[in-house]
Protein chains: 4
Amino acid sequence: MENRSVPVHGDLEAMLEKVNVDDAFAKTVGMRVVELSPGYAKALMDVTDDHVNLFRMAHGGAIFSVADHACEAAGNSFGKPAVAIQNNIHFLSSGTSGDRLEATARVVHRTRRIGLIEATVRNQRHEILAQCHQVIYFKASKA
Amino acid sequence: MENRSVPVHGDLEAMLEKVNVDDAFAKTVGMRVVELSPGYAKALMDVTDDHVNLFRMAHGGAIFSVADHACEAAGNSFGKPAVAIQNNIHFLSSGTSGDRLEATARVVHRTRRIGLIEATVRNQRHEILAQCHQVIYFKASKA
Amino acid sequence: MENRSVPVHGDLEAMLEKVNVDDAFAKTVGMRVVELSPGYAKALMDVTDDHVNLFRMAHGGAIFSVADHACEAAGNSFGKPAVAIQNNIHFLSSGTSGDRLEATARVVHRTRRIGLIEATVRNQRHEILAQCHQVIYFKASKA
Amino acid sequence: MENRSVPVHGDLEAMLEKVNVDDAFAKTVGMRVVELSPGYAKALMDVTDDHVNLFRMAHGGAIFSVADHACEAAGNSFGKPAVAIQNNIHFLSSGTSGDRLEATARVVHRTRRIGLIEATVRNQRHEILAQCHQVIYFKASKA
């Protein structure tokens with residue numbers, strides 16, 4: 001009945017569970033959302049021998065994935081479905097098997113239709129592996 | 001003996017095999033390089049139920065990964081090790097389980113140290129899912 | 001009365017004149033739109049001693065400006081007001097006083113609300129100085 | 001005689017004067033560097049009727065220019081010549097004649113050859129007009 005632009009806590013808890021249970025790619029690459037609040041999310045990925053490229057470094061696709069996963073959760077945290085339309089990522093240092101990657105994503109700007117998310121991927125020593133900015137589009141609610 | 005900046009066919013064949021055998025993340029997410037020539041590569045990914053997000057669409061990380069994988073092969077096709085330093089991706093349409101994604105990557109500009117790669121991800125109907133530009137840095141050879 | 005998504009020729013002619021007469025910044029930096037059709041525009045800038053930086057090269061702001069100017073015309077060529085929300089530019093070679101820069105912009109993807117424009121800046125020798133992709137947002141018509 | 005990677009204060013003062021005296025495009029569009037320290041610069045632009053587009057808003061090229069100008073100063077503040085190779089800008093709100101734009105640029109990551117600069121353009125009400133990330137390449141010193 002009411003018009004909520006920010007979901008109440010229960011909605012976010014439900015979404016947090018949903019994204020961790022229903023996101024198949026997240027399971028495939030071993031990442032999960034561990035924090036979620038309106039406009040903010042944190043995701044984790046433990047880099048294993050399954051995430052490295054032929055140089056034995058964490059694949060760029062793996063690093064991007066955990067950042068994008070945090071962005072997906074943060075972007076959808078307002079109770080409106082959001083889709084990513086662009087993402088610019090800077091790779092600053094490399095990762096190796098054994099690293100724990102933590103991606104934090106924060107919506108830094110938002111209009112009715114467009115949002116900008118800033119995300120940072122750090123390892124367990126708090127070194128920044130990647131920094132990215134994602135533009136999202138809030139779809140019209142089908143209400 | 002000679003100073004080659006472009007690898008001969010045999011080198012690329014060896015690299016093509018190496019990337020498909022030794023890249024663990026490529027196996028994890030089910031992608032492989034199927035064409036490789038100096039400055040060009042093509043990679044494939046069959047989208048399955050393992051690649052979708054909670055909206056049942058191909059995860060942005062999966063789409064980026066196959067593009068990045070083609071870029072990695074194309075960037076390293078000149079006989080000099082290359083690392084990605086930045087990638088800007090535009091997501092243009094979505095993918096679903098059953099789609100075959102084809103990513104083509106082409107080095108469109110190159111100096112001694114810096115390269116620009118253009119990559120496009122298409123589905124089996126030749127619709128463009130994503131377009132990206134990656135900046136790479138050619139490391140000094142340790143010769 | 002009719003619902004036009006593509007302006008008729010007369011509209012574009014009027015807009016071409018309008019952009020060249022009313023865009024003050026274009027006059028300040030010496031650029032003008034010389035071609036305009038639905039989804040496409042070409043702009044020119046003659047690099048003079050007024051456009052160089054302290055290294056005597058065309059300032060990045062000048063190169064971006066002529067690209068952005070072509071994007072602005074192309075993005076607004078469909079009869080719907082469009083605003084730029086993001087632009088990723090790659091600087092590939094430098095320009096000097098005496099160069100004529102030609103920026104071509106083409107809308108390569110378009111939904112009801114979002115568009116992607118690809119623009120290229122070349123000099124009189126057809127060398128590419130810069131390549132960029134701009135995301136635009138089509139505002140709701142105030143009808 | 002010594003190998004300095006960070007210029008002493010006198011060098012930066014000289015460079016600050018040089019960029020404000022010798023950068024012709026900066027004069028053309030009315031911008032100037034007002035602060036400079038190793039890895040950081042601030043530039044100002046007063047938006048006048050000369051900076052607006054046909055919608056009477058500050059032209060995207062003007063907003064980018066002041067950001068790029070601050071980046072140029074920050075990137076060259078280490079005593080090594082730097083060139084911009086890529087810049088991703090997000091336009092978040094618009095500017096009008098009468099606004100004072102302040103662009104701050106900070107080098108947030110740096111290797112021997114590659115740097116990443118983060119720049120923000122704010123108006124006199126501290127609203128963010130644009131945010132950008134620029135990749136720079138440090139040229140080998142000709143020593």
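Just so it is clear, the structure is predicted and the values come from calculations on it, not from any experiment.

Asker: Can you walk me through the interface of chain B and chain C in this structure?
Answerer: How large an interface is tends to be reported as the accessible area lost when its parts come together. Each side of the interface is counted separately: chain B has six residues, and chain C has six residues. Its residues placed into classes, the side of chain B that touches chain C shows two nonpolar, four polar and no charged.

Asker: Help me out: how do you make sense of the relation of the copies chain B and chain C in this one?
Answerer: Think of it as a corkscrew move, a rotation about one axis and a shift along it, taking one chain copy to the other. Superposing chain B onto chain C takes a rotation of 180 degrees combined with a translation of 0.0 Å along the rotation axis, leaving an RMSD of 0.0 Å. Taken together, the rotation angle and the small translation identify this as a two-fold axis. Taking C-alpha positions as the reference, the residue of chain B nearest the rotation axis is B:Asn88, at 3.7 Å. Same-surface contact between copies: 100% of interface residues of chain B are shared with the interface of chain C.

Asker: What is the right way to look at the sheet that holds strand β1 (residues 31-37) of chain B in this model?
Answerer: Strand pairing in a sheet relies on backbone hydrogen bonds, with the paired strands running either antiparallel or parallel. Strand order in this open sheet of twelve strands is β1(A)-β2(A)-β4(A)-β5(A)-β6(A)-β3(A)-β3(B)-β6(B)-β5(B)-β4(B)-β2(B)-β1(B), and the pairing throughout is antiparallel. Looking at which strands have only one partner, the edges of the open sheet turn out to be β1 (31-37) of chain A together with β1 of chain B. With strand direction ignored, the average angle separating the axes of adjacent strands in the sheet is 20 degrees. Helix α3 (residues 60-75) of chain A rests against β1, β2 (40-46), β3 (82-91), β4 (100-110), β5 (114-122) and β6 (128-138) of chain A together with β3 (82-91) of chain B of the sheet, and its axis sits at about 45 degrees to β4(A).

Asker: What should I look at first to understand the packing of helix α3 (residues 60-75) of chain C against helix α3 (residues 60-75) of chain D in this one?
Answerer: Where α3(C) meets α3(D), the axes come as close as 9 Å, and the angle between the chain directions of the two elements is 155 degrees. By the angle between their axes, α3(C) is roughly antiparallel relative to α3(D). You can see that α3(C) and α3(D) cross each other, and the crossing is right-handed. Taking contact as the criterion, the partners of C:Gly60, C:Gly61, C:Phe64, C:Ser65, C:Asp68, C:His69 and C:Glu72 in α3(C) are, on α3(D), D:Gly60, D:Gly61, D:Phe64, D:Ser65, D:Asp68, D:His69 and D:Glu72.

Asker: Hey, could you run me through the interface of chain A and chain B in this one?
Answerer: In this complex, chain A contributes 31 residues to the contact, which on the side of chain B involves 31 residues. Only α1 (9-22), α2 (24-29), α3 and β3 of chain A provide two or more residues apiece to the side of chain A that touches chain B. Classifying every residue of the side of chain A that touches chain B gives twelve nonpolar, twelve polar and seven charged. Of the pairings in the sheet, the one linking β3(A) to β3(B) comprises five bridges and is antiparallel in character. Paired with A:Asn87 across the bridge in β3(B) is B:Ile89.

Asker: What am I meant to see in unusual backbone geometry here?
Answerer: Peptide bonds are mostly trans, and most non-glycine residues show a negative phi. Residues and elements named next belong to chain C. Residues other than glycine seldom take positive phi values, yet Arg56 does so here, at roughly 65 degrees. With respect to the element layout, Arg56 can be found in the loop between β2 (40-46) and α3. Using a count of 13 C-beta atoms within 10 Å as the deciding quantity, one classes Arg56 as partly exposed.

Asker: Even after reading the chapter, I still don't get the relation of the copies chain A and chain B, so can you show me in this structure?
Answerer: Overlaying chain A with chain B gives an RMSD of 0.0 Å, the required rotation being 180 degrees about an axis along which the chain moves by 0.0 Å. Most of the interface of chain A is mirrored in chain B, where 100% of its interface residues again form contacts.

Asker: Help me understand α3(C), please; the structure alone is not making it clear to me.
Answerer: Residues lying three or four places apart along an α-helix face the same way, a consequence of the helix completing one turn every 3.6 residues. Compared with an ideal rise of 1.5 Å per residue, which puts 16 residues at 22 Å, α3(C) spans 22 Å between its outermost C-alpha atoms and is within 8% of the ideal. Among the 16 residues in α3(C), 16 count as buried, and that is most of the element.

Asker: Can you walk me through the confidence of the model for chain A in this structure?
Answerer: Residues and elements named next belong to chain A. With 92% of its residues at a pLDDT of at least 70, chain A reaches an overall mean of 92. The low-confidence segment residues 1-5, where pLDDT is below 50, has three contacts with residues more than four positions distant or belonging to other chains. Note on the complex model: pTM 0.93, ipTM 0.92.

Reading guide: rules and limits
Residues numbered from 1 in each chain as written. Chains lettered and ligands numbered in written order. Predicted model: local features only at pLDDT ≥ 70, side-chain atom pairs only at ≥ 80, totals over all residues. Contact = placed C-beta atoms within 7 Å. Nonpolar A, V, L, I, M, F, W, Y, C, P; charged D, E, K, R; others polar. Least-squares fit on C-alpha atoms with pLDDT ≥ 70 in both. Pairing = 2+ DSSP bridges. Helix = DSSP H or I, 4+ residues; strand = E, 2+ residues; numbered from the N terminus. Axes fitted to C-alpha atoms, helices over the stretch in contact; angles between N-to-C directions. Parallel < 35°, antiparallel > 145°, perpendicular 65-115°, else oblique. Left-handed = near helix turned anticlockwise from the far one by under 90°. Buried ≥ 20, exposed ≤ 12 C-beta atoms within 10 Å, placed from the backbone. Expected span 1.5 Å × (residues − 1). pLDDT = per-residue confidence, 0-100.

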